[in-house]
Amino acid sequence: LMHSTALREAIASEALTLHYQPQIRTRDGAIHGVEALARWHDPVLGEVSPSKFIPLAEECGLIEQIGVWSIKLACQQMASWRRARLDIPCISVNLSPINFQNVNLAAMVAQILAANDLPAKMLMLEITEGVILNERATVIATMNELRNMGVGLSLDDFGTGYSSLSRLAQLPIDELKIDRSFMRDFENDNGTRAIVTAVVRVGQSLDVAVVAEGVETEPQRRLLAELGCDAMQGFLFARPMAASAFSRWLLDYS
Ligand code: G
Ligand code: G
Ligand code: MN
Ligand code: NA
């Protein structure tokens, strides 16, 4: 059983960490960015997935702390990679829609960027598509504030919600991430392929980058390249890795 007390302790200790997964630019194979993903190693429970502990954190009021923790750690790591002259254009951090309801989010992000001497354009914040459905004025205001600072905004798990295209066009976003569930039938199912094609076209016409998630096979990669999808992320390239493993992977890759 997961407890908020255990999660609270995990945040304070090293039990909560970030793993890093590269995103590859389709056109030339260059590094598009890196996504930071939370991991909880509990001594009793073992590996607890963020799909389990993020909802817990949202319920017990710890999501605020986890949001700040992940932005801080990701920015510190990015600053350290910059000092080591590793060429990574941007780091993506997952946030809960609740984090965007905090009117202080943009100010906190500004402070973290300054403390790490990082340009705002090197940070991308991911928010799930559900934010459009359950839209609140404060969420949109915070998104605009961040965007005006130069921080990137990415719509995660795109295609799983029911967002209307007209709302999408009005949202202040820089990137769409096609949910990995679409990759499963991508090669064989005409319907799925039609949806992915449409999302890539929407991204192009709205001037928003499109990133495909969960790319596991070479045929998927080839199809995405044919469609003109901007970037890809998935086990075909690399799994999410600890920071040191990611650095080694990157040196090996380039
Ligand atoms: O890495 P994994 O597939 O286990 O992640 C499961 C889900 O948890 C993903 O949808 C991801 O967006 C979300 N997630 C991962 N790390 C974080 C985080 O630091 N904060 C939030 N809010 N969600 C995260
Ligand atoms: O929702 P979000 O995009 O943040 O979730 C990313 C999650 O997807 C991570 O937990 C990561 O472990 C997982 N993931 C990344 N690449 C692949 C992949 O190629 N296949 C599958 N099945 N999962 C992946
Ligand atoms: Mn994500
Ligand atoms: Na996703």
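Let us look at the structure shown here.

Here is what the cut-offs are and how they apply
Residues numbered from 1 in each chain as written. Chains lettered and ligands numbered in written order. Predicted model: local features only at pLDDT ≥ 70, side-chain atom pairs only at ≥ 80, totals over all residues. Helix = DSSP H or I, 4+ residues; strand = E, 2+ residues; numbered from the N terminus. Near = placed C-beta within 6 Å. Nonpolar A, V, L, I, M, F, W, Y, C, P; charged D, E, K, R; others polar. Core = buried A, V, L, I, M, F, W, Y, C linked by C-beta atoms within 7 Å. Buried ≥ 20, exposed ≤ 12 C-beta atoms within 10 Å, placed from the backbone. Contact = placed C-beta atoms within 7 Å. Pairing = 2+ DSSP bridges. Expected span 1.5 Å × (residues − 1). Arc of directions from axis to C-beta. Axes fitted to C-alpha atoms, helices over the stretch in contact; angles between N-to-C directions. Parallel < 35°, antiparallel > 145°, perpendicular 65-115°, else oblique. Left-handed = near helix turned anticlockwise from the far one by under 90°. Right-handed = clockwise from strand over helix to strand, strands pointing away.

Outside of glycine, negative phi angles account for most residues, and trans bonds account for most peptide bonds. One non-glycine residue, Arg85, lies in positive phi territory at about 60°. You will see that Asp117, though not glycine, has its phi angle at about 55°, which is positive. Here Asp117 lies in the loop between α4 (105-115) and β5 (123-128).

What follows concerns the site of ligand 2. Contacts to ligand 2 come from 14 residues, most closely from Gly214, Glu216, Gly234, Phe235 and Pro240. Here the residues of the shell around ligand 2 sort into four nonpolar, five polar and five charged.

With that settled, consider the nonpolar core. Grouped together as the largest cluster of nonpolar side chains are 63 residues, with contacts concentrated most on Ile91 and Leu125. Sequence-distant contacts of Leu125, defined by excluding residues within four places in its chain, comprise Val93, Leu95, Leu146, Val151, Leu153 and Ser154.

Residues in close proximity to ligand 1 include Leu37, Ala38, Ser49, Pro50, Ser51, Ile54, Ser70, Asn94, Leu95, Ser96, Asp156 and Pro240, which together make up its full environment. Of all elements in the fold, only β2 (31-42) and α2 (50-59) reach the threshold of two or more residues within the shell around ligand 1. Residue contributions to the shell around ligand 1 peak at three residues, all from α2. Split into classes, the residues belonging to the shell around ligand 1 amount to six nonpolar, five polar and one charged.

So, on to the pairing of strand β8 (residues 209-212). Working note: regular strand, side chains alternate between the two faces of the sheet. Neither face of β8 is open: one carries Ala209 and Val211, the other Val210 and Ala212, and all of them are buried. Both strand β7 (residues 175-178) and β8 contribute to a ladder of four bridges, which runs parallel. In the strand pairing of β8, Lys177 is matched with Val211. Across two bridges, β8 lies against strand β9 (residues 231-232) in parallel orientation. Of the residues in β9, the one forming a bridge with Val211 is Ala231.

Attention now goes to helix α6 (residues 137-149). With 13 residues, α6 should cover 18 Å at 1.5 Å per step; its first-to-last C-alpha distance of 19 Å lies within 8% of that length. Regarding α6, the residues found buried are Val139, Thr142, Met143 and Leu146. Each buried residue of α6 lies within a common arc of 100° when the element is viewed along its axis, so the set occupies one face. Seen from the buried face of α6, the exposed residues on the opposite side, beyond 90 degrees, are Ala137 and Asn148. Gly150 sits one or two residues past α6 and shows a positive phi near 105°.

What follows concerns the packing of helix α3 (residues 63-83) against α4. One can describe the packing of α3 onto α4 by two numbers: an axis separation of 9 Å at closest approach and a directional angle of 25°. Classified by the angle their axes make, α3 and α4 are roughly parallel. Here the hand of the crossing between α3 and α4 comes out right-handed. Between α3 and α4, the contacting residues are Val68, Ile71, Lys72 and Cys75 on the first element and Met108, Val109, Ile112 and Leu113 on the second. Of the residues in the contact of α3 with α4, the class split is seven nonpolar, no polar and one charged.

Here the focus is the pairing of β5. For β5, the buried fraction is high: five of the six residues fall into the buried class. Where strand β4 (residues 91-94) and β5 come together, four bridges link them in parallel fashion. Within β5, the position partnered with Ser92 by the bridge is Met124. For the segment spanning β4, α4 and β5, crossover handedness is right-handed. Note: β5 against strand β6 (residues 152-158), five bridges, orientation parallel. Looking at β6, one finds that Leu125 is bridged to Leu153.

None of the figures reported here should be taken as evidence of function without further support.
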